[in-house]
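Take a look at the letters that make up each chain.
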Amino acid sequence: MFQKNRHRMDLLDDHIYAGVNFYATCQEIVREWQFMGEDTLEFEATKKELAEERETFNAEKKGLLWRVSDAEDKLVKQKQFNANKQKEWETACERTNREMQTARDQIVKLRGEKTKMSDEHEQECALYQKRENKYI
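Residues numbered from 1 in each chain as written. Predicted model: local features only at pLDDT ≥ 70, side-chain atom pairs only at ≥ 80, totals over all residues. Heavy atoms only, no water.

## Some details on the pattern of salt bridges
Pairs can form between side chains of opposite charge once their charged atoms are near each other. In the structure shown here, the tally under the stated rule is 2 salt bridges. When the shortest N-O distance is used, the salt bridge between Arg31 and Glu28 registers 2.9 Å. Residue Arg31 and its partner Glu28 are located together in helix H1 (residues 8-135), separated by 3 residues, close to a single helical turn. What makes Arg31 partly exposed here is its relative accessible area of 38%. We note a salt bridge from Glu88 to Lys85, for which the minimum N-O separation is 3.9 Å. Separated by 3 residues within a single helix, Glu88 and Lys85 lie in helix H1, roughly one turn from each other. For Glu88, a relative accessible area of 48% puts it in the partly exposed group. Judged by its relative accessible area of 42%, Lys85 falls in the partly exposed class. (Salt bridge = Lys/Arg side-chain N within 4 Å of Asp/Glu carboxyl O. Helix = DSSP H or I, 4+ residues; strand = E, 2+ residues; numbered from the N terminus. Buried < 20%, exposed > 50% of the residue type's maximum accessible area, 1.4 Å probe, protein only.)

As structure tokens, this is what we get:
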């Protein structure tokens, strides 16, 4: 009923406007799809770059973990080596101290014997001198 009351040219104009609007809307949708496609390609490229970066990071991280693990192993071995050297050093010090103490004990013993012998010698010399003096 609405169309019957309107002029034919107005109807044709409305039809053209509707077609133009439909075409413009279709073009806008196509442009949005193109942008979506470009965005999707950009997203995929970024995603690929991120995956590569993650892969290199994980490889570096594994390398660092291996280096840390190797360093920890070396540290444990070095600590064990140092502990063994410390024990050897302590044993050597104990042995040296025992030998030095034995040597000191022998020196003290020999000094005592020397003193005793020199006292005996002095007594014998004094006794000899007395005998000499008696005969002279």
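## Thoughts on the environment of Lys61
One can find Lys61 in helix H1. Judged by relative accessible area, which is 44%, Lys61 ranks as partly exposed. The spacing of Lys61 and Gly19 is 42 residues in sequence and 61 Å in space, taken between C-alpha atoms.

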